[in-house]
Amino acid sequence: MRVAQPAEAHGRGARWGVVVLLAVALLLNYVDRGALPMAAPLIQDAMGLSARQIGLLFTAFFWSYALLQIPAGALADRFGAQRVLAAGLVLWACATMLAGFAQSFAMLLLLRLLLGVGESAGFPSVSKLLATVVPVGSLGRANGIVAFGYLFGPAVGAYVGGRLMVHFGWRAAFWVFGAASLLWLLPWARVKLARPDRAADGANQAPWGKVLRQPSLWGTSLGHFSSNYTFYFMLTWLPMYLVRERGFSVGAMATLVSQAYLVNALSALLAGWAIDRLIARTARTTLAYKSSMVTGHLGAIGCMLCIALAPPPWGLGAIFIYQVLLGLSSPGTFAISQLLAGPHAAARWVGVQNALANVAGMLAPALTGELVQRTHHYTSAFVVAALINILGVFAWTRMVGPVSPVSWSGTAESSLPHATELLKSPAP
């Protein structure tokens, strides 16, 4: 692979500059997708929507988002993840701003679908860039930083969006969030990545058939599905739960939710650093990553049952404990796949994984809406979320093999160029 050869210090700074920009991109991704759940109580009252309709709006995003993950991964491999990510961001930012002008359920539904189309570029492109730019020994920290971004996004969205909605109405939040996303393009346009030698890159390209025959691909997909179900259930319905079931005002709800998401993001940042340190000391990559995943799922089971069945103070405390445990497992969700797939297959591997995992985004909001419509309470929804985490424990322990690079063409992926070899100039 023909690449630029900048100085080591110069390349190191460029590498982490790119990682930070990717984290910011996914932060904006989650701010924009979380705007509707935050505004849901106000939109429901303004438009007279039922709980079933709210559930459909939540899940509509995932219809297009999940279905386009695999094409997005293929496009990132074919045309470059840097360009695909930028194009996706333009689309999702415009969909967010237009939602502020929506006057009907049908228009909101259409714009949620469009939002999913744009945001489908996010994780396949980011995983491709991380697997290409970041050395294997730093993937835990890099994914921790990126996870901090997308987990901090809901905290930013909850706090800033809540304040905007209280003072200026729910429409203003969509206008501000969409416009803020477009500003990210200014520093991203200054990032220059060396173009690979396409002949050499093609020789090392992982065949689709071989990618799909990897048992670990289906294990990471099922494990990701399991954690996503609970994550999206909480992301979409927690604001409504706190307002309708616990009696919080919109302002108080926004404060509590933003605090919980901040705890989540900080936990992910620390977990990524801790995983890299543990691997550096013990050389036990599989143990380090799998133990964090299993701990997250087992803890989620206890937290969901506590929220559903325990007295209110314990239930509210379990919300924060769940965020800590989710942060613990977040770096491994994509780092494991990047380590297994390497730079030549990371976009497509994560495309398949994220497509299947985000079926949970279709199911969780809609099923919760149906359960709430039928029972007028959230208890059964929390119990279902707890049970689905059992699948995650099985997937990470029984289906995912050793966390080491797959050899797609007889050469270990870990020996391929990374980071400082592929950056032509630093991110600003």
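Throughout what follows, the structure given in this document is the object of discussion. (Residues numbered from 1 in each chain as written. Predicted model: local features only at pLDDT ≥ 70, side-chain atom pairs only at ≥ 80, totals over all residues. Heavy atoms only, no water.)

## Considering the side chain of Ser 226
Counted only if it meets this: Helix numbers and strand numbers start at the N terminus; a helix is a DSSP run of H or I with at least 4 residues, a strand a run of E with at least 2. Each polar contact in these results corresponds to two N or O atoms within 3.5 Å; when the atoms are within protein, one needs to be able to donate a hydrogen and the other to accept it, and residues that are neighboring in sequence are counted only if both atoms are side-chain atoms. Should any heavy atoms of two residues lie within 4.5 Å, those residues are considered in contact.
Positionally, Ser 226 belongs in helix 13 (residues 215-245). Reaching out from Ser 226, the side chain makes a polar contact with the backbone nitrogen of Gly 392 at a distance of 3.2 Å. The residues contacting Ser 226, other than those within four sequence positions of it, are His 297, Ile 388, Asn 389, Leu 391 and Gly 392.

## Here we look at the environment of Ala 173
We apply this condition: Three labels apply to residues, based on accessible area from a 1.4 Å probe with only protein chains included: buried if under 20% of the type maximum, exposed if over 50%, partly exposed otherwise in between.
By secondary structure assignment, the location of Ala 173 is in helix 9 (residues 170-183). On the basis of relative accessibility, which here comes to 0%, the residue Ala 173 falls in the buried class. Taking the C-alpha atoms as reference points, Ala 173 and Arg 163, 10 residues apart in sequence, are found 8.8 Å from one another. In contact with Ala 173, other than residues within four places in its own chain, are Gly 161, Leu 164 and Met 165.

## A short note on the packing of helix 8 (residues 139-168) against helix 14 (residues 250-282)
Using the following cut-off: Every axis corresponds to a line fitted to the C-alpha atoms, with the helix fit spanning only the stretch in contact, and the corresponding angles, defined between N-to-C directions, vary from 0 to 180 degrees. Here the word oblique covers every angle except those under 35 degrees (roughly parallel), over 145 (roughly antiparallel) and from 65 to 115 (roughly perpendicular). All amino acids are sorted into three groups, where Ala, Val, Leu, Ile, Met, Phe, Trp, Tyr, Cys and Pro are nonpolar, Asp, Glu, Lys and Arg are charged, and the leftover types, Gly among them, are polar.
Interhelical geometry of helix 8 versus helix 14 gives an angle of 170° and a closest axis separation of 7 Å. One way to sum up the angle between helix 8 and helix 14 is to call them roughly antiparallel. The residue inventory of the contact of helix 8 with helix 14, partitioned by class, reads 21 nonpolar, eight polar and three charged.

## What to know about helix 17 (residues 346-357)
Which entries qualify depends on this criterion: What a helix is expected to span follows from its residue count: subtract one and scale by 1.5 Å.
Along its 12 residues, helix 17 runs 16 Å from first to last C-alpha, staying within 8% of the 16 Å computed at 1.5 Å per residue. Extensive coverage of helix 17 is indicated by the burial of 11 of its 12 residues. Three or more residues of helix 17 are buried, namely Ala 346, Ala 347, Arg 348, Trp 349, Val 350, Gly 351, Val 352, Gln 353, Asn 354, Ala 355 and Ala 357.

## So, empty space enclosed by the protein
Applied cut-off: Lining residues are defined by having an atom within 4 Å of a point belonging to a cavity or pocket. Those points lie on a 1 Å grid over the protein atoms alone, cavities being sets where a 1.4 Å probe fits but cannot get out and pockets being open sets with protein on both sides within 12 Å along at least five of seven lines. Grid points are joined across faces, edges and corners, and a volume is the space filled by probe spheres set on the points.
In total, this model carries six cavities of 30 Å³ or more according to the counting rule given. A volume near 160 Å³ is recorded for the largest cavity. Lining the largest cavity are 17 residues; nearest its centre among them are Tyr 150, His 224, Asn 228, Phe 231 and Thr 333.

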